Amino acid sequence: MELVALAPATAPHFHPPQRTSSPVRGQTERTRSRSTWSASVAATWTAATLLRSPRARRRRPPHRPGSQVGRKATGSDNRYKSLEAFLEAQRESPPTTDPLGGPLTPYNDSPVDWIFIAVFRQVMSGVASWQSPLAFWGTEAYDGMLEVAHAQQWGRTLQETEDSALSVIDNLLPEEGKARFRSALKADKFGTELNAWITAAFFPFMVGKCEVEARSQEDLAQIPEGEAWNCAVKIEKCRWLEKSGCVGMCVGLCKRPMQRMFGEVLGMPLSMEPNMEDLSCTMVFGKKPVEWQQDDLRDQPCFSTCATARSQGACPKLT
């Protein structure tokens, strides 16, 4: 998120990278090398910026396995005890298929991915006031982040969950970055395409494989007739939704807070359109989202793999 906010203020002739059907081998290797180097620098810079931020330091939790963060013992202890019992049961019997009954997508996270995951997890744990005992690195890294996400919404309404997720996103964006974003990036061709390209380039660690797609005037009224803007991102099979198996976590911790942050705080309309029939999702920058009261997701039932549904019989997280 911070990377979007700190995008160059002017770049009148921006053209997102285009694919070629038969790239020269040498060019391909150089491009891959530059991409890896850029991602490494970006990840390290993001982590360093977060950890040196006074606000982040105040929220940064001690690295204690399965611990409450920044809270004295209160009546809320029972909330954490029930959460930890729930998560322990999930670790002992994890889903063997995706929410639709298909095979789970294999992931091989790189050290750069682990850095991004750790940064998000660290900020999330400060908001949730709880930290997972799972490792920050290796095969447990993403699952550890998901456990902290469970803590964010445990015992909370959908609105409370959305507010907590917005706090996470807000802590990843400095005030000067927000101001720069609002002044430099509008819902025009340059602003929407730049956001789409950055999302597709830097967020596969969170959502899985994705690619930029074009939209026309039929999709967005501000696109001139006959033009096509590369302002949408198609997530092939959302990792967040697949791993959690939870519609509530999709809506409360991703869709609604992201739309709210971009639209209300950054001034860039964003419509996130998850498809529960194939676990894909489309993000369209520059498009106003459907009001929640008219959104079909309100009536979406739990998946059979939903951890909360399996333990409680129903998923209350859309209320």
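Residues numbered from 1 in each chain as written. Predicted model: local features only at pLDDT ≥ 70, side-chain atom pairs only at ≥ 80, totals over all residues. Heavy atoms only, no water.

What follows concerns unusual backbone geometry. The backbone of Ser129 shows a phi angle near 60°, a positive value even though the residue is not glycine. Among the secondary structure elements, Ser129 is positioned in the loop between α5 (111-128) and α6 (141-153). In this structure, Leu279 is a non-glycine residue whose phi angle is positive, near 70°. A residue is classified by how much of its surface remains accessible, and Leu279, at 0% relative accessible area, is buried. (Helix = DSSP H or I, 4+ residues; strand = E, 2+ residues; numbered from the N terminus. Buried < 20%, exposed > 50% of the residue type's maximum accessible area, 1.4 Å probe, protein only.)

Looking now at the packing of aromatic side chains. In this structure the tally under the stated criterion is eight aromatic pairs. Centre to centre, the rings of Phe120 and Phe205 are 5.8 Å apart; their planes meet at 50°, and the pair counts as tilted. Pair noted here: Phe120 is in helix α5 and Phe205 is in helix α10 (residues 204-207), with a separation of 85 residues, a long-range link. One exposure class covers both Phe120 and Phe205, and it is buried. Their ring planes at 65° and their centres at 5.5 Å tell us that Phe262 and Phe285 sit as a pair that is edge-to-face. In this pair, Phe262 is assigned in helix α12 (residues 247-265) and Phe285 in strand β4 (residues 280-285), connecting sequence segments 23 residues apart. Put simply, the rings of Phe116, Phe120, Phe203 and Phe205 pair up and form one aromatic cluster. (Phe/Tyr/Trp six-rings, centres within 6.5 Å; stacked < 30°, edge-to-face > 60°.)

So, about the sheet that holds strand β2 (residues 229-235). The four strands lie next to each other as β1-β2-β4-β3, forming an open sheet whose pairing is antiparallel. For this open sheet the edge positions go to β1 (210-215) and β3 (270-275), each flanked by a neighbour on one side alone. Sheet twist, expressed as the mean angle between neighbouring strand axes with direction ignored, is 25°. Direction of pairing for β1 relative to β2: antiparallel, over a ladder of five bridges. (Pairing = 2+ DSSP bridges. Axes fitted to C-alpha atoms, helices over the stretch in contact; angles between N-to-C directions.)

Tallied over the entire structure, the rule returns 17 salt bridges. For Asp163, the salt bridge is made with Arg260, and the minimal N-O distance between the two is 2.7 Å. Of this pair, Asp163 sits in helix α7 (residues 158-171) while Arg260 sits in helix α12; the two residues are 97 residues apart in sequence, bridging distant segments of the chain. Take Arg260: its relative accessible area is 23%, and that puts it in the partly exposed class. Linked through salt bridges whose partners overlap, the residues forming this network are Glu162, Asp163, Arg256, Arg260 and Glu264. (Salt bridge = Lys/Arg side-chain N within 4 Å of Asp/Glu carboxyl O.)

Take the packing of α5 against α7 next. Packing of α5 against α7 brings their axes to within 9 Å, and their N-to-C directions diverge by 135°. Put simply, α5 runs oblique to α7. You can see that α5 and α7 cross each other, and the crossing is right-handed. Here Val123, Met124 and Val127 of α5 lie close against α7, whose contacting residues are Ser164, Ser167, Val168 and Asn171. (Parallel < 35°, antiparallel > 145°, perpendicular 65-115°, else oblique. Left-handed = near helix turned anticlockwise from the far one by under 90°. Contact = heavy atoms within 4.5 Å.)

Turning our attention to the pairing of β2. With five of its seven residues buried, β2 lies for the most part within the structure. Where β2 lies against β4, four bridges are found, and the strand directions are antiparallel. Bridge pairing in β4 links Lys234 to Thr282.

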